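One letter stands for each residue in the lines below.
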Amino acid sequence: MKRLLILGAGTGGTIMAQHLRKELDKGKWNITVVDERTDHYYQPGFLFLPFDQYKPEDIVKPITDFIPKGVDFVNSRIENILPEEHKVILADGNALEYDILIVATGSEISPEEIEGMKGKEWGESVFTFYTFEGAKALRDKLRNWKGGRLVVHITEMPIKCPVAPLEFVFLADSFFKEKNMREKVDITYVTPLSGAFTKPKATAALEYLLKEKNIRIEPDFAIESVDNEAKTIIDYGGKIIPFDLLVTVPTNKGSDVIEKSGMGDELNFIPTDKGTLQSKKYPDVFVIGDATNVPTSKAGSVVHFEAEILAENILSYIKGQKMTEEFDGHANCFIETGGGKALLIDFNYDHEPVTGTFPIAGLGPLRLLKESRFNHLGKLAFKWVYWNMLLKGRPIPFVTARMNVAGKDYN
Ligand SMILES: Cc1cc2nc3c(=O)[nH]c(=O)nc-3n(C[C@H](O)[C@H](O)[C@H](O)COP(=O)(O)OP(=O)(O)OC[C@H]3O[C@@H](n4cnc5c(N)ncnc54)[C@H](O)[C@@H]3O)c2cc1C
């Protein structure tokens, strides 16, 4: 019996188990998925939890609800990967051997990277919504917060869902307006980038919205430390920004196990072929989602598109054939802009987000890079799509793994 081992039962690990259990002969291939958690989080919901728009039970379900029949689930921490020996070591010291390994261990926050970030104000006036516990704690804080200086901050790139902190400031603007206390809150968006986003056309649209909502942007801020006494963040150039409430996105890093295994870069992301999604160093290791270092967004939509390509490539690899499927970096993200509206962006390695229609060229019904109520409904509907289609490996009608250039205005 051959062994396919999948590390991580988040978005990528689950979808790969779904795709490959359908394709691989049950008599010839055993599939095992390992994860230290028993809960699967719908991470896009972490954005809505602080504003009481989602309840915890909307965004957490048992991992085993999504592991397909015929796939073994091992609930354990992964202690190490020994790629030269084709083995993975679990917390109890047992080893799992593999013929093919898929690494889908995602990325996690590391507030310890910045001096003072996890100091005495952590959980008091310094929060993050990038974890389930963090989003819940921030919800409790916002329920009773009386206002002041709200600073929303990104430590360094790359981060998961790079638009999420922008969505947070837009939703905060709406939230405080609805509570009739917007004039009591001064909102500043602090970023290490030189503008609101990484791509020029989307940056222009998003900066326009920031201005319209009276949200100040502080670009090029390379944080050095958080001063818990003075309640300020300080950058390497000496700039100081005071806060009453700091909502930060700490450094995002690949899992510790990637560091231990020696397979990662300085942020524990695995050097991965951006087309085939095969490890650059180990031919029998494939990488999907946030764990890779491929130059596109770390987003669930990306994982979904990568999974279709990767499943085909693994089947070719098993047959000893050349892997012909190439991932193009396709990312598709809704951006909540508050007031029941959202933008939608669609881009890949070669094309930045522009205006146009999605998913059907010329027809839509969704409009790219333009605020609309329909886009907001699309973002809300995505939760249902995630639990009922994406994690079950079902195709989403009209949405293709490779980006469609038709219907987009590149001029
Ligand atoms: C606030 C926020 C908002 C977001 N919004 C969006 C959005 O609107 N749209 C979008 O497309 N994406 C969004 N994302 C990003 C999206 O959720 C991730 O990109 C996606 O889930 C990545 O999937 P993955 O499989 O790579 O990792 P994950 O889904 O994070 O799974 C990794 C799994 O590996 C396990 N694991 C890691 N290390 C170990 C170990 N040593 N031992 C055992 N198990 C281990 C973890 O427990 C976890 O279950 C958002 C993310 C956040 C944080």
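First things first, this report covers the structure right here in the doc. Owing to the predicted nature of the structure, the values given are computational and were not obtained by experimental measurement.

Here's the deal with the overall build of the protein chain
Argument step 1. Within the protein chain, the secondary structure is distributed over eight helices and 24 strands.
Argument step 2. A globule of 411 residues ought to have a C-alpha radius of gyration of about 22 Å, and the protein chain, at 21 Å, matches this closely.
Argument step 3. Based on the C-alpha atoms only, the size of the protein chain along its principal axes is roughly 65 × 50 × 40 Å.
Argument step 4. For the protein chain, the proportion of its 411 residues judged to be buried stands at 57%.
Argument step 5. Partitioning the intrachain contacts of the protein chain with sequence separation of at least 6 by distance along the chain shows that 68% fall at a separation of at least 24.
Argument step 6. If you average the places of the 50 positive and of the 58 negative side-chain charges in the protein chain, the two averages end up 6 Å apart.

Quick word on helix α5 (residues 200-212)
Argument step 1. Over its 13 residues, α5 runs 19 Å from end to end, which matches the ideal 18 Å to within 8%, given 1.5 Å per residue.
Argument step 2. All buried positions along α5 are accounted for by Ala202, Thr203, Leu206, Leu209 and Leu210. Viewed end-on, α5 has its buried residues packed into an arc of 130 degrees, placing them on one side of the element. Relative to its buried face, α5 has exposed residues pointing more than 90 degrees away, namely Pro200, Ala204, Tyr208 and Lys211.
Argument step 3. Contact partners of the buried residues in α5: α4 (164-178), β14 (216-218), β21 (331-338) and β22 (341-347).
Argument step 4. One or two residues past the end of α5 sits Asn214, with phi positive at roughly 60 degrees.

With respect to the environment of Lys177
Argument step 1. Residue position: Lys177 is located in helix α4.
Argument step 2. Residue classification places Lys177 among the partly exposed residues on the basis of a relative accessible area of 44%.
Argument step 3. Considered as a pair, Lys177 and Lys201 are 24 residues apart in the sequence and their alpha carbons are 28 Å apart.

Focus on the sheet that holds strand β8 (residues 95-97)
Pairing between the strands of a sheet comes from backbone hydrogen bonds, and it takes one of two forms, parallel or antiparallel.
Argument step 1. With respect to topology, three strands assemble into an open sheet ordered β6-β7-β8, the strand pairing being antiparallel. Of all the strands in the sheet, just β6 (78-82) and β8 have a single pairing partner and so form its edges. Each strand of the sheet is rotated relative to its neighbour by a mean of 20 degrees, with strand direction disregarded.

Some details on α4
Argument step 1. The terminal C-alpha atoms of α4, which comprises 15 residues, lie 21 Å apart, in line with the 21 Å expected from a rise of 1.5 Å per residue.
Argument step 2. The element α4 is largely enclosed, with a buried count of 13 among its 15 residues.
Argument step 3. Count one or two residues on from α4 and you reach Asn180, which has phi positive near 55 degrees.

What about the side chain of His40?
Argument step 1. You can see His40 is positioned in strand β3 (residues 39-41).
Argument step 2. Looking at His40, its side chain comes within polar contact range of the side chain of Tyr386, at 2.7 Å.

Side note on the sheet that holds β14
Argument step 1. A sheet is described by the order of its strands in space; here five strands give the open sequence β11-β18-β12-β13-β14, paired in parallel fashion. Strand pairing shows two members of the sheet lacking a second neighbour, β11 (126-127) and β14, which therefore form its edges.
Argument step 2. Relative to strand β18 (residues 245-249), β11 is paired through two bridges, and the arrangement is parallel. Bridge pairing links Val126 to Leu246 in β18.
Argument step 3. Those strands touched by α4 are β12 (148-154), β13 (185-190) and β18, and its axis lies near 175 degrees from that of β13.

A closer look at the pattern of salt bridges
Argument step 1. Inspection of the entire model under this criterion finds 22 salt bridges.
Argument step 2. For Asp140, the salt bridge goes to Arg139, with nearest N and O atoms at 3.1 Å.
Argument step 3. The partner of Arg216 in a salt bridge is Asp186, and the shortest N-O contact between them spans 3.1 Å. Here Asp186 lies in strand β13 and Arg216 lies in strand β14, a separation of 30 residues in the sequence.
Argument step 4. Accessibility expressed as a relative area gives 31% for Asp186, which makes it partly exposed.
Argument step 5. Linked through salt bridges whose partners overlap, the residues forming this network are Glu36, Arg77, Glu79 and Lys260.

Remarks on the nonpolar core
Argument step 1. Core analysis: the largest hydrophobic core is formed by 103 residues, its most contacted members being Met16, Leu20, Leu150 and Phe168.
Argument step 2. If near-sequence neighbours (up to four positions away) are discounted, Leu20 is found in contact with Leu4, Ile31, Ile102, Ala311, Ile314 and Leu315.
Argument step 3. By size, the runner-up hydrophobic cluster in this structure holds 18 residues, among which are Val88, Leu90, Tyr98 and Ile270.

Notes on the pairing of β18
Argument step 1. Within β18, five of the five residues are buried, which leaves the element mostly enclosed by the surrounding structure.
Argument step 2. Neither face of β18 is exposed, since Leu245, Val247 and Val249 on one face and Leu246 and Thr248 on the opposite face are all buried.
Argument step 3. Here five bridges tie β12 to β18, and the two strands are oriented parallel to one another. Bridging across to β18, Val152 finds its partner in Val247.

Structural notes on a nonpolar patch on the surface
Argument step 1. A cluster of nonpolar side chains, contributed by Phe374, Leu377 and Leu380, occupies part of the molecular surface with about 250 Å² of accessible area.
Argument step 2. Looking at where Leu380 falls in the secondary structure, it is placed in helix α8 (residues 373-388).
Argument step 3. In this structure Leu380 comes out as partly exposed when scored by relative accessible area, which is 30%.

As for unusual backbone geometry
Argument step 1. The peptide bond linking Phe358 to Pro359 adopts the cis configuration, its omega dihedral lying at -5 degrees.
Argument step 2. With respect to the helices and strands, the residue Pro359 is situated in strand β23 (residues 356-360).
Argument step 3. Of note, Asn214 is a non-glycine position whose phi angle comes to about 60 degrees, a positive value.
Argument step 4. Note on placement: Asn214 falls in the loop between α5 and β14.
Argument step 5. What makes Asn214 exposed here is its relative accessible area of 61%.

Quick notes on the rules
Residues numbered from 1 in each chain as written. Predicted model: local features only at pLDDT ≥ 70, side-chain atom pairs only at ≥ 80, totals over all residues. Heavy atoms only, no water. Helix = DSSP H or I, 4+ residues; strand = E, 2+ residues; numbered from the N terminus. Rg over C-alpha atoms; globule rule 2.2 N^0.38 Å. Buried < 20%, exposed > 50% of the residue type's maximum accessible area, 1.4 Å probe, protein only. Contact = heavy atoms within 4.5 Å. Lys, Arg positive; Asp, Glu negative; His and termini not counted. Charge placed at Lys NZ, Arg CZ, Asp CG, Glu CD. Expected span 1.5 Å × (residues − 1). Arc of directions from axis to C-beta. Pairing = 2+ DSSP bridges. Axes fitted to C-alpha atoms, helices over the stretch in contact; angles between N-to-C directions. Polar contact = N/O pair within 3.5 Å; in protein donor to acceptor, adjacent residues only side chain to side chain. Salt bridge = Lys/Arg side-chain N within 4 Å of Asp/Glu carboxyl O. Core = buried A, V, L, I, M, F, W, Y, C linked by side-chain atoms within 4.5 Å. Patch = residues over 30% accessible without salt bridge, like charges linked within 9 Å, V, L, I, M, F, W, Y side chains within 5 Å. Areas by Shrake-Rupley, 256 points an atom, 1.4 Å probe, with all protein chains shown as cover.

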